Amino acid sequence: MENFNTTRFANYAKWDLTINRKFYRNMFVVLGIAILSITIISFALRWLMFAVDESIYTSDRLWKTSLYIVCAVMIGMEIMSACILHPMRNKQGRITHLTLPATPSEKYTWHVLICMGGTIIASLVAIAVSDGINALLSYLVMGPQGTGWLFGEYLSSNYFSLENIMSTYTGNLSFQSSMTGDDIEAIKHLDTFFSYCWPSIITGMILETGFYALFNSIIYKYNLPISYIIQQVISIIFAIIIIVVLIIIGNYTDTTWETNTEALTIFNILSGWMLFCCIFSAITGIACWIGAYHLYKKAQLTNRFNH
């Protein structure tokens, strides 16, 4: 980064925290409340389930709650990525921001750190507090058998593995014992497909946060609803394309899941598509972040989108 000076960076960070501390505090508090609310609602539902029939309750159901919390964190990061340039949402803010004695790289780096890094830190703190509250309430109400850490089971198990996903619907994968040769090879393609779930989530977040950051560098005010609408339109177009591709694949393979191994090999094609999407999302997301920064460096007091 050009002429990056840590002293100027620290001074600008102190100034921004002094002026905009309420904004950051409010955003992080809202995120924390959302995570805590998900935890409390989950506890209440599990308590009701436990009260109806103790035999059907197991603590490993907590991993589903953690999925909702992950979604809340992801939404929070998307919103904060759309607020990176919030000091420039009006003309007076742009005058103050652009005339401060700091380089664009120092200013932009700080806002990315406070918005993205701050969201991650606030999320981890909220998750730790919520997890503690959940464990305490669960122990008091349901006893040791109902106590579990929200992310303990989640992080210690591969919930995106073929075995776990299939066992959710079939009870186990005992049917593999009767498979040999091509059947086993075909089902490995399916396992590979599911193994790309986490990479797709991570690269998808890089793309989505970069997308919102890019639009924030174009439109400083009301950029979030505008970029959200555009994102949904793009998502619908891609969903239609994917559905059409799946229909075409289905038409060219006269097979069924239960009777023909060739049906499972379709997931070999889908695995390749999943890998392509991961690479595409990562590259496009990084390009969006780079584009957002370059647009920010060219920021003016007024332009065709900001007055």
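Residues numbered from 1 in each chain as written. Predicted model: local features only at pLDDT ≥ 70, side-chain atom pairs only at ≥ 80, totals over all residues. Heavy atoms only, no water.

This part covers the nonpolar core. One finds Ile35, Ile84, Leu85, Tyr108, Trp110 and Cys115 to be the most contacted residues of the largest nonpolar core, which totals 34 residues. Those elements giving two or more residues to this core turn out to be helix H1 (6-52), helix H2 (62-81), helix H4 (104-142), helix H8 (197-218) and helix H10 (261-297). Here this core gets 8 residues from one element, more than from any other, and that element is H4. If we ignore the near neighbours within four places in the chain, the residues touching isoleucine 35 are Ile69, Val73, Ser123, Ala126, Ile127 and Ser130. (Core = buried A, V, L, I, M, F, W, Y, C linked by side-chain atoms within 4.5 Å. Buried < 20%, exposed > 50% of the residue type's maximum accessible area, 1.4 Å probe, protein only. Helix = DSSP H or I, 4+ residues; strand = E, 2+ residues; numbered from the N terminus. Contact = heavy atoms within 4.5 Å.)

At their nearest, the axes of H2 and H8 sit 8 Å apart, and the two run at 25° to each other. One way to sum up the angle between H2 and H8 is to call them roughly parallel. Two packed elements cross with a definite hand, and for H2 against H8 that hand is right-handed. Counted together, Met74, Met77, Glu78 and Ser81 of H2 and Ile201, Met205, Glu208, Thr209, Tyr212, Ala213 and Asn216 of H8 form the full contact between these two elements. A class-by-class count of the residues in the contact of H2 with H8 yields 6 nonpolar, 3 polar and 2 charged. (Axes fitted to C-alpha atoms, helices over the stretch in contact; angles between N-to-C directions. Parallel < 35°, antiparallel > 145°, perpendicular 65-115°, else oblique. Left-handed = near helix turned anticlockwise from the far one by under 90°. Nonpolar A, V, L, I, M, F, W, Y, C, P; charged D, E, K, R; others polar.)

A few words now on the side chain of lysine 107. Following the sequence through the fold, lysine 107 ends up in helix H4. Of the side chains with opposite charge, glutamate 106 comes closest to the buried, unpaired lysine 107, at an N-O distance of 7.9 Å. In this view, lysine 107 contacts Tyr12, His97, Leu98, Thr99, Leu100, Ala102 and Tyr296; residues no more than four positions away in its chain are not counted. (Lys, Arg positive; Asp, Glu negative; His and termini not counted. Salt bridge = Lys/Arg side-chain N within 4 Å of Asp/Glu carboxyl O.)

The final tally for this structure, using the stated rule, is 10 aromatic pairs. For the pair phenylalanine 4 and phenylalanine 9, a centre-to-centre distance of 5.4 Å together with 40° between the ring planes defines the contact as tilted. Among the residues examined, phenylalanine 4 registers a relative accessible area of 33% and is labelled partly exposed. Of the residues examined, phenylalanine 9 reaches a relative accessible area of 16% and is grouped as buried. Between phenylalanine 211 and tyrosine 212 the ring centres are 5.8 Å apart and the planes differ by 85°, which places this aromatic pair in the edge-to-face class. The two residues phenylalanine 211 and tyrosine 212 agree in class, both being buried. Pairwise contacts between aromatic rings join Phe4, Phe9 and Trp110 into one cluster. (Phe/Tyr/Trp six-rings, centres within 6.5 Å; stacked < 30°, edge-to-face > 60°.)

As a further point, take unusual backbone geometry. Glycine aside, a negative phi is what most residues show, and trans is what most peptide bonds show. The phi angle at tyrosine 222 is positive, at roughly 60°, despite the residue not being glycine. When you line up the elements, tyrosine 222 lands in the loop between H8 and helix H9 (223-252). Residue tyrosine 222 is classed as exposed on the basis of its relative accessible area, which comes to 59%.

Okay, the layout of surface pockets next. Space inside the largest pocket adds up to approximately 790 Å³. Leu207, Glu208, Ser235, Phe238 and Ser281 are the residues nearest the centre of the largest pocket, which is lined by 22 residues in total. Sorting elements by how many residues they give to the lining of the largest pocket places H10 first, with 9 residues. Classifying every residue of the lining of the largest pocket gives 13 nonpolar, 8 polar and 1 charged. (1 Å grid on protein atoms, 1.4 Å probe; cavity = no way out; pocket = protein on both sides within 12 Å on 5 of 7 lines; lining within 4 Å. Points joined across faces, edges and corners; volume = space filled by probe spheres on them.)

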